[in-house]
Amino acid sequence: IKKMKQLTLLIAVCCIVSCNNSAPVNETEKKDVVVITNDTIPETRTDVNKKPVASFFRKVPDELNDWHFAVDVFETKETFHYLMKIQYMELRATDTLKIPNFGVRPKIEIRPGKDKYDCIVGFFNKDNQFMEYKEVIVKGDNLKVTILHRYAVSTFQDEKG
């Protein structure tokens, strides 16, 4: 009976210790944990869409020519890189977009700017908020592409341990 009581006491202590392991992790343990949230989207595309994923178009009035201001954004082989093709009358230019990997598939949108021949190229973040990235504008008779905001995603790891 004495050994049975000792065994029961030992089992009870083990159960209490085991149940206590579900307590929250303290701050020093949390620092050693690295969570990677943006590895779910492949870095390259298997199928590249040949059609623009976003477009902006404005007619330029001219009696003799069919001129316009247009911005088209195309996919590339790299999932987070895009090619912008820009045209104003007979001027043509290209530029690139590099979207940060927020762990969601990139969604590009072009919105009108303040002027008639002006647009804002951006993307949606993880919370579905539009993030302004570049402005394409006609100044005089020149095309100008300006970076409005820079974005980056970083992973930090505590070097202790």
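Residues numbered from 1 in each chain as written. Predicted model: local features only at pLDDT ≥ 70, side-chain atom pairs only at ≥ 80, totals over all residues. Heavy atoms only, no water.

Chemist: So what's going on with the sheet that holds strand β2 (residues 67-75)? Residues and values would help.
Modeler: Taken together, the 4 strands give an open sheet; going across it, the order is β1-β2-β3-β4, and neighbouring strands pair in antiparallel fashion. The sheet is open, and its two borders are formed by β1 (54-60) and β4 (91-98), each paired with just one other strand. Each neighbouring strand pair of the sheet contributes to a mean axis angle of 15 degrees, computed without reference to strand direction. Both β2 and strand β3 (residues 81-88) contribute to a ladder of 7 bridges, which runs antiparallel. Note on β3: the bridge partner recorded for Val73 is Met84. (Pairing = 2+ DSSP bridges. Helix = DSSP H or I, 4+ residues; strand = E, 2+ residues; numbered from the N terminus. Axes fitted to C-alpha atoms, helices over the stretch in contact; angles between N-to-C directions.)

Chemist: Describe the pairing of strand β5 (residues 108-112), with residues and values.
Modeler: Across 5 bridges, the pairing between β5 and strand β6 (residues 118-124) is antiparallel. Bridge pairing links Ile108 to Phe123 in β6.

Chemist: Go over unusual backbone geometry, please, and point to the residues and values.
Modeler: Of note in this structure, Met89 is not a glycine but carries a positive phi near 50 degrees. The exposure class of Met89 is buried, given its relative accessible area of 18%. Even without a glycine there, the phi angle at Asn128 is positive, about 65 degrees. Among the structural elements, Asn128 can be located in the loop between β6 and β7 (130-139). (Buried < 20%, exposed > 50% of the residue type's maximum accessible area, 1.4 Å probe, protein only.)

Chemist: Residue-level account of the sheet that holds β6, with values.
Modeler: Spatially, β5-β6-β7-β8 is the arrangement adopted by the 4 strands of the open sheet, whose pairing is antiparallel. In this open sheet, the two strands that pair with only one neighbour each are β5 and β8 (142-147). Taking the axes of each pair of neighbouring strands and ignoring which way they run, one obtains an average angle of 25 degrees across the sheet. Direction of pairing for β6 relative to β7: antiparallel, over a ladder of 7 bridges. Across the sheet, residue Val121 finds its bridge partner in β7, namely Lys134.

Chemist: Break down the pattern of salt bridges for me, citing the residues and quoting the values.
Modeler: Counted according to the given criterion, the structure contains 4 salt bridges. A salt bridge links Arg45 to Glu75; the nearest nitrogen and oxygen atoms lie 3.5 Å apart. Of this pair, Arg45 sits in the loop between α2 (27-30) and β1 while Glu75 sits in strand β2, placing them 30 residues apart in sequence. (Salt bridge = Lys/Arg side-chain N within 4 Å of Asp/Glu carboxyl O.)

Chemist: Tell me what's going on with the confidence of the model for the protein, and back it up with residues and numbers.
Modeler: Confidence along the protein averages 81 in pLDDT terms, with 71% of residues attaining 70 or more. Considering only residues more than four positions removed or in separate chains, one finds that residues 13-36, a stretch of pLDDT under 50, has 7 contacts. (pLDDT = per-residue confidence, 0-100. Contact = heavy atoms within 4.5 Å.)

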